Amino acid sequence: MQYEFHVPDMTCNHCKMRIENTVSSLEDIDSVNINLDKKLVAVEGDASEKDIRQAIQDSGYSVSNA
Ligand SMILES: [Cu+2]
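Residues numbered from 1 in each chain as written. Predicted model: local features only at pLDDT ≥ 70, side-chain atom pairs only at ≥ 80, totals over all residues. Heavy atoms only, no water.

Trainee: Please set out the overall build of the chain residue by residue, giving values where relevant.
Mentor: Per the secondary structure count, the chain includes two helices and three strands. Starting at the N terminus, the α and β elements of the chain follow one another as β-α-β-β-α. Taken over C-alpha atoms, the radius of gyration comes to 10 Å for the chain, in line with the 11 Å a tight globule of 66 residues would show. With the principal axes as the frame, the chain shows a C-alpha extent of 25 × 20 × 20 Å. (Helix = DSSP H or I, 4+ residues; strand = E, 2+ residues; numbered from the N terminus. Rg over C-alpha atoms; globule rule 2.2 N^0.38 Å.)

Trainee: Account for the nonpolar core, naming residues and giving values.
Mentor: In terms of nonpolar packing, the biggest core is built from 17 residues, with Phe 5, Val 7, Ile 19, Val 23, Val 41, Ile 52 and Ile 56 touching the most fellow members. For this core, the secondary structure elements donating two or more residues are β1 (2-6), α1 (13-24), β2 (29-35), β3 (40-45) and α2 (49-58). Discounting residues that sit within four places of it in the chain, Ile 52 has contacts with Tyr 3, Phe 5, Val 23, Leu 26, Ile 29, Val 43 and Ala 47. (Core = buried A, V, L, I, M, F, W, Y, C linked by side-chain atoms within 4.5 Å. Buried < 20%, exposed > 50% of the residue type's maximum accessible area, 1.4 Å probe, protein only. Contact = heavy atoms within 4.5 Å.)

Trainee: Give a description of the sheet that holds β1 that names residues and reports values.
Mentor: The three strands are arranged β1-β3-β2 in an open sheet whose pairing can be described as antiparallel. Either end of the sheet is taken by a strand with one partner, and the two such strands are β1 and β2. Across this sheet, the average inter-strand angle for adjacent strands is 15 degrees, counted without regard to direction. Sitting on the sheet, α1 touches β2 and β3, and the angle it makes with β2 is about 165 degrees. Here α2 sits on the sheet and contacts β1, β2 and β3; the angle it forms with β1, its principal contact strand, is near 35 degrees. (Pairing = 2+ DSSP bridges. Axes fitted to C-alpha atoms, helices over the stretch in contact; angles between N-to-C directions.)

Trainee: Lay out α2 in plain terms, naming residues and giving numbers.
Mentor: Listed as buried for α2 are Ile 52, Ala 55 and Ile 56. Looking straight down α2, one finds that the buried residues subtend no more than 100 degrees of arc, so they occupy a single side. α2 presents Lys 50 and Asp 58 as exposed residues on the side facing more than 90 degrees away from its buried surface. On its buried face, α2 is in contact with β1, α1, β2 and β3. After α2 finishes, the residue Gly 60 shows a positive phi value of roughly 105 degrees. (Arc of directions from axis to C-beta.)

Now the structure itself:
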């Protein structure tokens, strides 16, 4: 599965690394690619959309529909 999340509060490399680490630590994640300029988090893996979204929110960022 491929997902894309829009995370408008993601503003710097610190945010990027934080979200990268959080999402990568979930089970069934193949890759996490973050575009800081577009504030997009692209995720590949068998994890559910809901779990990934929740992980991003738990790390302190809101997710809007991409
Ligand atoms: Cu930041």
